[in-house]
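# Remarks on the overall topology
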Amino acid sequence: MYKISNFTNNDDVKILKELGPFKVIEYVKDLSVTPQTAQICYFSNLMNVRKRQVICNLAKSSITIQAGAMQWMIGDVNATTGIKGAGDLFSKMVRGKVTGESAIKPEYVGTGEIVLEPTYKHILLLNLEEWNNSIVLDDGLFLACESCLKQKAVMRNNISSAVAGNEGLFNLGIEGKGVLCLESPCPQEELIEIELENDVIKIDGNMAIAWSGSLEFTVERSGKTLIGSAASGEGLVNVFRGTGKVLIAPVDKM
């Protein structure tokens, strides 16, 4: 039995969102300041630059998190590697190598709670049922998910997507029914959600942070011909084609 005081019930802490086993909190003000940092902290707060944390309730679901993301845990919590055999270890090592993600993401089971490291990035909670149970992520966004979700390496539809688009050849894909927790460079309020039905969207720049696994992703010329592309001044664009959703940041993430 345990009791936590002066945490989520603190006047300086605001609960931003709850979904599945995840709860996102935000520190309204940074009270641990010095005379030398007070001015920076004051204006950072006005511009929504604030620390945020994720609280995971294992009583609702077992959790898989990014390696090194755990800050503290309490109650009945057991950590495992989530490896189910030599073949599973090999596939996870290969997936980690090609996607740039950590090969082994720890899984936590039990009835206690886990608090993740604070971050100044924005936390997104996505229900994969709203993404037709399949989503592909841009590099570095994954923070945590319910352990029932399956992770895999998703290869681009053609090599041009990696070479011409200045991207890697693989992305991290998540499949199944459950909740996914992401670290986003932009807040939810600024992200643009595009829903396609047998249609296409072309994006100039590395602005898409996530898209449905059902979409075909390629890099193509903005025009039908080289001359047309040169005349438009855009050159190559990222193209998402088919039926599904795309989540777009308002400015280039790079």
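Our structure's up above, just so we're on the same page.
What counts and what doesn't
- Residues numbered from 1 in each chain as written.
- Predicted model: local features only at pLDDT ≥ 70, side-chain atom pairs only at ≥ 80, totals over all residues.
- Heavy atoms only, no water.
- Helix = DSSP H or I, 4+ residues; strand = E, 2+ residues; numbered from the N terminus.
- Areas by Shrake-Rupley, 256 points an atom, 1.4 Å probe, with all protein chains shown as cover.
- Contact = heavy atoms within 4.5 Å.
- Buried < 20%, exposed > 50% of the residue type's maximum accessible area, 1.4 Å probe, protein only.
- Phe/Tyr/Trp six-rings, centres within 6.5 Å; stacked < 30°, edge-to-face > 60°.
- Lys NZ or Arg CZ within 6 Å of the ring centre and 35° of its normal.

### Quick look at the overall build of the protein chain
- Looking only at helices and strands, one finds four helices and 18 strands in the protein chain.
- Summed over all atoms, the accessible surface of the protein chain reaches about 13,500 Å², with 54% contributed by carbon and sulfur.

### So, the environment of valine 109
- Tracing the sequence through the fold places valine 109 in strand β7 (residues 107–110).
- With 32 residues separating them along the chain, valine 109 and valine 77 place their C-alpha atoms 5.8 Å apart.
- Among all residues touching valine 109, those that are not within four sequence positions of it are Leu58, Ser62, Asp76, Val77 and Asn78.

### Description of unusual backbone geometry
- Non-glycine residue asparagine 48 carries a positive phi angle of around 65°.
- Secondary-structure assignment places asparagine 48 in the loop between α1 (38–46) and β3 (52–57).
- Residue asparagine 48 is classed as partly exposed on the basis of its relative accessible area, which comes to 32%.
- Positive phi, close to 65°, is recorded for asparagine 133, a residue that is not glycine.
- In this fold, asparagine 133 is placed in the loop between β9 (122–127) and β10 (134–137).

### Quick look at the packing of aromatic side chains
- Inspection of every chain in the model, using the stated rule, returns five aromatic pairs.
- A ring pair is formed by phenylalanine 7 and tryptophan 72, whose centres lie 5.6 Å apart and whose planes are at 50°; its orientation type is tilted. Pair noted here: phenylalanine 7 is in the segment before β1 (13–19) and tryptophan 72 is in strand β5 (residues 70–74), with a separation of 65 residues, a long-range link.
- According to the relative accessible area criterion, phenylalanine 7 is buried, its value standing at 13%.
- Both rings, one in tyrosine 42 and one in phenylalanine 43, keep their centres 5.1 Å apart while their planes meet at 80°; by these two values the pair is edge-to-face.
- Residue class for phenylalanine 43 comes out partly exposed when judged on its relative accessible area of 45%.
- A connected cluster of aromatic rings, assembled from ring pairs, spans Trp211, Phe217 and Phe240.
- Here the basic side chain of lysine 51 rests over the ring of tyrosine 27, its NZ or CZ set 5.6 Å away from the ring centre.

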